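The residues making up each chain are set out below.
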Amino acid sequence: MSTTAVPTTAVPTAAGSGSAATDKFKGSRFTSDTTTERAAAIYKDVLTKLSEVIFEHEVTYDEYRVLKQWLIEVGEGGEWPLWLDVFLEHFIEDSNSRIFNGTKGSIEGPYYVPDAPDLGAKGVMPMREDEKGTQFVFKGQVRDLDGTGIEGASVELWHADADGYYSQFDDGLGIPEWNLRGTFTTDAEGNFHITTVQPAPYQIPHDGPTGEFIASYGGHPWRPAHLHLKVTAPGKRLITTQLYFQGGKWVEDDVAGAVKPELILDPKPNADGIDEVVYDFVLDPVSDKRFVA
C-alpha cells in the first residue's frame, strides 16, 4: 500500500455530487412531531432575524435579486444538501447536543449512505487492492455513562479516500460502491478494531452556486481530513460525529466550522510501525429530553 496520493485527473462537479446527494436524501420521507405552535414560532423568528439583517445592512434590490437568482440556481443544481450540511448543520448539531453527557457529536454531511457492509468487531474497511494512502488502525471501546462496555454496539465508519473522494459520490470516477464504508459491531467488552487508510483533506464541490457563495465573502472550500462515524446501541442515543487529525491542514479553518477540540486524533506508530489511535465513545441513554432555548 503506497503512502503518496496521486491527484486524480477527473474532478467531481458540484452538479454531479449535488445530484447524488439530493437523490439519496430524497430516498426517504422525513417527518417531525413539531407542533403548529412551535412551527409558527420558528417561522416568525426566522423572518424577524432576516428582516433585522436587511435593515441593518440596508440590502438593496439589486442584492436581493442576486440572492433570489442564487437560491434558484442552488435548487436547480441539486446543491441544497451540500450547502445546508456545510453551512447550517453544525448549528443544529451544537444546539441538539447541549443537554447530553456522552461523546461530542459533529455534522453528518451530505455523503452518508446507510447499510454499509457488516464487518464484525475487528476488520478491514472495504478498499481497492491498490488503495492509495497511509495504513491506519482505529480502535476503541463503546461504553455507557457508567463506564461499562456495550456489547453489540454499532460503529458505522465512512470517509474519503487519499484523493479526497467518496464512493457513491464520485461523479463517474469509478470508485467501487462500498469503498471505505463499513459497519462494525462491538465485542463482549464493547471493543472495535478497524484497519483503513488515512483520508485526505478535500475541497467541497465549488464550481456551482455553492462555490459562488464562498467566493462572495472571500472564503475557501477546504475541509480537513476526517472520519465520519455513527455510533449507537439498543436503548442508547445515536452519536453522529467526525474525527480529525492533529496538525492536519485546515483543522483550524474548516469551511464547515465543524471541528471541536474533543474530536481531534493524534495517531502514533504501533509496534508494527502502523499509525494507530484509540478513541472511545460514551453513549447517553435514549430519552425524550429536548433543548429549549
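For every chain, the first residue of its written sequence is number 1, and the numbers climb from 1 along that sequence. The model is predicted, so local features are restricted to residues of pLDDT at least 70 and side-chain atom pairs to those at 80 or more, both for listing and for counting; the totals for chains, interfaces and linings are taken over all residues. Heavy atoms from the whole structure form the basis of all side-chain values; hydrogens and water molecules are not counted.

**Looking at helix H5 (residues 89-97)**
With a 1.4 Å probe rolled over the protein chains alone, any residue whose accessible area is under 20% of its type maximum counts as buried; one over 50% counts as exposed, and the rest are partly exposed. Helix numbers and strand numbers start at the N terminus; a helix is a DSSP run of H or I with at least 4 residues, a strand a run of E with at least 2. Those residues of H5 lying buried are Glu89, His90, Glu93 and Ser97. The buried residues of H5 occupy one face: seen down the axis, they fall within an arc of 95 degrees. The directions considered for the arc are those from the helix axis to the C-beta atoms.

**Regarding the sheet that holds strand E4 (residues 181-185)**
Backbone-to-backbone hydrogen bonds pair the strands of a sheet. The strands run either parallel or antiparallel. Think of it this way: DSSP has to see at least two bridges between two strands before they count as a pair. Here five strands make up an open sheet; going across it, the order is E4-E3-E8-E9-E10 and the pairing mixed. This sheet does not close on itself; its edge strands, each paired only once, are E4 and strand E10 (264-265). Judged from the two bridges that link them, strand E9 (residues 239-245) and E10 form a sheet pairing that is parallel. Note on E10: the bridge partner recorded for Phe245 is Leu265.

**Focus: the packing of aromatic side chains**
Centre distance within 6.5 Å is the pairing criterion for rings of Phe, Tyr and Trp, where only the six-membered ring of Trp is used; planes under 30 degrees apart are then read as stacked, over 60 as edge-to-face, and the remainder as tilted. What the rule picks out here adds up to 19 aromatic pairs. Over the ring of Phe100 we find Arg237; its NZ or CZ atom is 3.7 Å from the centre of that ring. Here, a charge over a ring is recorded when the distance from Lys NZ or Arg CZ to the ring centre is within 6 Å and its angle to the ring normal is within 35 degrees.

**Here we look at the environment of His159**
Looking at the secondary structure, you find His159 in the loop between strand E3 (154-158) and E4. On the accessibility criterion, His159 (2% relative accessible area) is buried. For His159 and Leu229, which are 70 residues apart along the polypeptide, the C-alpha to C-alpha distance reads 8.7 Å. Residue contacts are counted whenever heavy atoms from the two residues lie within 4.5 Å of one another. Once residues lying within four places of it in the same chain are set aside, the contact partners of His159 are Met125, Tyr166, Leu180, Thr196, Val197, Pro199, His226, Leu227 and His228.

**Structural notes on the UniProt feature "domain: Intradiol ring-cleavage dioxygenases" (unreviewed entry) in the protein chain**
UniProt positions are given in the numbering used here, feature names are shortened, and annotations may be inferred rather than shown by experiment. UniProt annotation of "domain: Intradiol ring-cleavage dioxygenases" (unreviewed entry) refers to residues 138-166 when read in the numbering used here. Regarding residues 138-166, the helix share stands at 0% and the strand share at 41%, and the terminal C-alpha atoms are separated by 19 Å.

**A look at a nonpolar patch on the surface**
The patches reported here contain residues having more than 30% relative accessible area and no salt bridge. Joining distances are 9 Å for like charges and 5 Å for nonpolar side chains (Val, Leu, Ile, Met, Phe, Trp, Tyr). What sets the accessible areas is the Shrake-Rupley method with a 1.4 Å probe; for residues, cover comes only from the shown protein chains. Here, a salt bridge means any side-chain nitrogen of Lys or Arg that lies within 4 Å of a carboxyl oxygen of Asp or Glu. The grouping of Ile54, Phe55, Val59, Tyr61, Tyr64, Leu67 and Leu71 at the surface amounts to a nonpolar patch, some 730 Å² of accessible area in total. Within the residue set of the nonpolar patch, elements represented by two or more residues are helix H2 (36-57) and helix H3 (61-76). Per-element tally for the nonpolar patch: the top contributor is H3, with four residues. Relative to the helices and strands, Phe55 is located in helix H2.

**Observations concerning the side chain of Asp284**
Mapping Asp284 onto the fold places it in the segment after strand E13 (281-283). In this count, Lys and Arg are taken as positive residues and Asp and Glu as negative ones, while His and the chain termini are left out. Although Asp284 is buried, it makes no salt bridge; Arg237 carries the closest opposite charge, 4.5 Å away. Polar contacts here mean pairs of N or O atoms no more than 3.5 Å apart (in protein, one a potential hydrogen donor and the other a potential acceptor; neighbouring residues in sequence count only if both atoms are side-chain atoms). One polar contact links the side chain of Asp284 to the main-chain amide nitrogen of Asn101, over a distance of 3.0 Å. For Asp284, the contacting residues outside a window of four places in its chain are Phe100, Asn101, Gly102, Leu145, Lys236 and Arg237.

**Details of the nonpolar core**
Grouping buried Ala, Val, Leu, Ile, Met, Phe, Trp, Tyr and Cys residues that are joined through side-chain atoms within 4.5 Å yields what is termed a nonpolar core. With 49 residues, the main nonpolar core has Phe138, Val142, Leu227, Leu229, Leu243, Leu265 and Phe281 as its most contacted residues. Of all the secondary structure elements, the ones that give two or more residues to this core are H3, helix H4 (80-87), strand E2 (135-144), E3, strand E5 (191-197), strand E8 (226-232), E9 and E13. Not counting chain neighbours up to four residues away, the residues in contact with Leu265 comprise Phe136, Phe138, Leu227, Leu243, Tyr244, Phe245, Gln246, Val277 and Tyr279.

**Here's the deal with the pattern of salt bridges**
Counted according to the given criterion, the structure contains 11 salt bridges. For Arg143, the salt bridge goes to Asp280, with nearest N and O atoms at 2.8 Å. Of this pair, Arg143 sits in strand E2 while Asp280 sits in the loop between strand E12 (275-278) and E13; the two residues are 137 residues apart in sequence, bridging distant segments of the chain. In this structure, Asp266 and Lys268 form a salt bridge, with 3.4 Å as the shortest nitrogen-oxygen distance. On the basis of relative accessibility, which here comes to 39%, the residue Asp266 falls in the partly exposed class. For Lys268, a relative accessible area of 48% puts it in the partly exposed group. The structure contains a network of salt bridges with shared partners spanning Glu93, Asp94 and Lys260.

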